[in-house]
Amino acid sequence: MKINDTLPFSEQSQFSFPMFHSKNLKKQAKQITWCPTQDLAAIVFADNTIALCRDGWFPIWEMNASDGADITALAWNPNGEEFAIGFSNGTVRRVNATCAQPKWIVYTLPPIPSSSSSSTTTLSTSTKSSSSSRSGNLKITSLAWTHFPRKEDKPVDTMYGFDPKAMEFTNGIPALKMEPPDEPAPLAPFMKQKKPPLPDQPSKESEDKHTLLLVGDNHGRVHLSLNGTYHIGTMSVRADGKAKNKEHTVVSTCTGPTLSTIQVLVQKSPEKRDMLSMDSSILLSKRNELCNIAEEQKHVDFLLRYINQCVNLLNKHHTTIRRLAEQSSGEISRLLLERNSETDPMPQIELLGLIATGNTSEPVHAYFTQYLTDQQVKRWESRSHQSYGNLQRLVNEYLEPACSRLLHRLNRLRGYSLWTERYSELLDTSVIDACIDTAQLLLKRLIFYRISVDKVCLEFREFIKWTLHMIEKLADQNGGEYQNHPDAVAYDPWLVVNFIKKSFATDGLTEYFTVYPGIERSDERWKHTGFLQLVNTLTEMCNTMLDRPSSIISNQTSILQKNTVQFKDQPIQRKSARSFASWVAEEEAIQFYAFARENDRGTILTVVKKSLKEPYDVSYASGRLENVLIHDIEFLDSQELGLVIESVRAARSFLATTTYPDLSYTTPKTDVLVLGDTLARVNY
């Protein structure tokens, strides 16, 4: 075995590594990532299932990947409580690792690549609509998650015994109810009612612990996501800032020790790798402002999802009430058509005539005696009252407090935007004002809706009393005796008339659910649009409001330096786990890359050492190992490089470790390092 002197291998080397545990996995694993704070590992198997395991193999839970897409990248949050998964369909999802059962937290989608501009749109929290509109060949190729600490401010002296949060405005707002509200009553009494959980509230423990998720794709872009939810920029690995659909795959990313640079490893072809230093100084200069905006964005996003879920449930209950009324009015309309098919059936006119004159026509008599029964009316009353009660609770206990808290958060953002010295590039006051106006309109409409529901609920109660009265009266053979009966039900005829006129055959609350396609805010109808359209528009406006940092940061990032590693020989294509690895020595501010490459003469191992401080010096050590195959490569820590190697002659595999900081590194004379199958040969 011929070994270059720059790598400490010899034919007589005895490789050893202490064994902690050993156990065969039930399925073939293709990727594993260890938790930075606990003895947990996220494992991806060959069948595209994901398992959270303790000690590396004791399974806690296992789940299938979403949407049938292949898993292409994994990264743990530095807090060790969640991990991100990148998919071959271009999406990223976060998974809560603190639960006994798998729990998806939220979709985080990098923006759709554009060939004409480096600016991007914000991350979307939708699941299906956003995925369907994305580029079919976009794939997540790398994930890295790192701390993004605030710049420490000078401590503010506070009065002894005074709580600075005692005067918080939110203390005067009713607390949000996190117990899921009731769904409409099922048709069959024995059916179990489903109650989908509400979105998780932002954790107060993580308010001052911000992180930065770096998402690389195969279009040559690195997307910056604050806390894994808020997209704050996109960096292109091309000097012109444009995306390219091939030959620019981001395979590794990391941040420098001061956050002023981001190191990116790009695979341009099987023979070429680019090592880039990207300028991200704006992240350093604006990190406190970005953290403040991200804190508000986290709450705004949660409240919008909370409001959207409650409004959708509001619509479900409204639809249930409307369908029950339509079934009844539709039956009397059918009876009217059977008697006179030449005129339009107007059941409310017939019922109003019954109240006014006390006389029943043949269709009305059949309606009360043949179609309606006491049991049927009471079922109608029970289901409708259940939905009316839930409508009132949804508005009073869920939506009004949520809208008030949303207005509070939007006004905090408006306060930041008025601080033009620090936030003028990141927030636009006029856009925030438009969001506040829309949120105020939503809250105003909810208050009027609650009043309308209270009124209709009272009218419906009197209508049911009248209906039961008419059923029993018409079924009685002696009407005179019934009218003088001491147990006769009393009802308010005027409330019955109002219900018949507005809510029996028509929808008296339809204005609160009306949708005007393509309506503009300047249109007078905007003030009367439905809740669903208001919430969707408000969500889009808030996304646009928070999109400005993304455009600014995307336009102010650039490439500081590029070094290229190019192999001259044609590699042998083998299915190995990894052919490269990376490590950042934070204390020394040094980036290490290790490349393994096989040809017909053996394996070439190259370690590149790159300074993260100007002038970004690059050096390397390279050597060829004959009759040895490398199955996997990984930096174990700041001292050892681990290799899973197989001796061709002995036909056995074992783990080899070697120290890499003390290798004999050589400095190339150009930015292009060309490696062939001869030992450490560099062409200048």
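Source: prediction; values computed, not measured.

## Quick word on the overall build of the protein
1) Next: The helix and strand tally for the protein stands at 12 helices and 24 strands.
2) Next: For the protein, buried positions account for 49% of its 684 residues.
3) Next: Relative to all contacts within the protein whose residues are 6 or more apart in sequence, the contacts with residues 24 or more apart total 63%.
4) Next: Only carbon and sulfur atoms are counted for the fraction: they give 49% of the accessible area of the protein, which is about 33700 Å².

## Quick look at helix α3 (residues 287-339)
Residues spaced three or four apart along an α-helix point in a common direction, a consequence of the helix completing one turn every 3.6 residues.
1) Next: Here α3 spans 76 Å end to end across 53 residues, near enough to the 78 Å set by a 1.5 Å rise per residue.
2) Next: Of all the 53 residues making up α3, 38 are buried; the element is thus mostly covered by neighbouring parts of the structure.

## Describing the sheet that holds strand β17 (residues 580-585)
1) Next: Here we have four strands laid out as an open sheet, ordered β17-β18-β19-β20, and antiparallel in their pairing. Since the sheet does not close on itself, it has two edges, and those belong to β17 and β20 (618-625), each with one partner. In this sheet, neighbouring strand axes are inclined to one another by 15° on average, regardless of whether the strands run parallel or antiparallel.

## Some remarks on the side chain of T320
1) Next: Note that T320 resides in helix α3.
2) Next: Non-local contacts of T320, meaning those with residues more than four positions away in its chain, are made with P184, R383 and S387.

## Regarding helix α12 (residues 548-555)
1) Next: Regarding α12, the residues found buried are P549, S550, I552, I553 and S554.
2) Next: Each element contacted by the buried residues of α12 is listed here: β11 (221-226), β12 (230-236), α2 (281-285) and α3.

## Quick look at the pairing of strand β16 (residues 558-567)
The side chains of a regular strand alternate, first on one face of the sheet and then on the other.
1) Next: Summarising the sheet, strand β15 (residues 272-279) and β16 pair through eight bridges and their orientation is antiparallel. Bridge pairing in β16 places M278 opposite I559.
2) Next: Pairing analysis gives four bridges linking β16 to strand β24 (residues 672-675), with the strands arranged parallel. Across the sheet, the residue bridging to V565 is L673, located in β24.

## What to know about the packing of α3 against helix α6 (residues 374-418)
1) Next: At a minimum axis separation of 9 Å, α3 and α6 run at an interaxial angle of 160°. When the axes of α3 and α6 are compared, the pair comes out roughly antiparallel. Both α3 and α6 take part in a crossing whose hand is left-handed.
2) Next: Tallied by class, residues from the contact of α3 with α6 come to 26 nonpolar, 10 polar and five charged.

## Some remarks on the confidence of the model for the protein
1) Next: Across the protein, the average pLDDT comes to 80, with 80% of residues at or above 70.
2) Next: Mean pLDDT across the elements of the protein ranges from a minimum in helix α1 (residues 128-132), with 39, to a maximum in helix α11 (residues 531-545), with 93.
3) Next: Note that residues 8-17 has pLDDT below 50 and, in this model, 21 contacts with residues that lie over four places away or in other chains.
4) Next: Segment residues 678-684: pLDDT under 50, and 16 contacts once partners within four positions in sequence are set aside and those in other chains are kept.

Cut-offs used in this document
The residue count restarts for each chain, going from 1 along the sequence in the order it is written. Where totals are concerned, whole chains, interfaces and linings use all residues; where local detail is concerned, this predicted model gives features only for residues with pLDDT of at least 70, and gives and counts side-chain atom pairs only at 80 or more. Only hydrogens and water are removed before side-chain values are computed, so all heavy atoms of the structure are retained for them. Per the convention used, a helix needs a DSSP run of H or I reaching at least four residues, while a strand needs a run of E reaching at least two, with both numbered from the N terminus. Each residue's exposure class comes from its accessible area (1.4 Å probe, protein chains only) as a fraction of the maximum for that residue type: buried when under 20%, exposed when over 50%, partly exposed otherwise. Here, residues are in contact when the closest pair of their heavy atoms is within 4.5 Å. Residue-level accessible areas treat just the shown protein chains as cover; the underlying method is Shrake-Rupley with a 1.4 Å probe. A helix's residues, less one, multiplied by 1.5 Å, set its expected span. At least two DSSP bridges between two strands are required for those strands to pair. Angular values range over 0 to 180 degrees, each being the angle between N-to-C directions of two axes fitted as lines to C-alpha atoms, with helices fitted over their stretch in contact. For this classification, under 35 degrees means roughly parallel, over 145 means roughly antiparallel, 65 to 115 means roughly perpendicular, and everything else is oblique. Left-handed describes a crossing whose near helix is turned anticlockwise from the far helix through less than a right angle; right-handed describes the clockwise counterpart. Residue polarity follows a fixed list, in which Ala, Val, Leu, Ile, Met, Phe, Trp, Tyr, Cys and Pro are nonpolar, Asp, Glu, Lys and Arg are charged, and the others, Gly among them, are polar. pLDDT is a per-residue confidence score from the predictor, ranging from 0 to 100.

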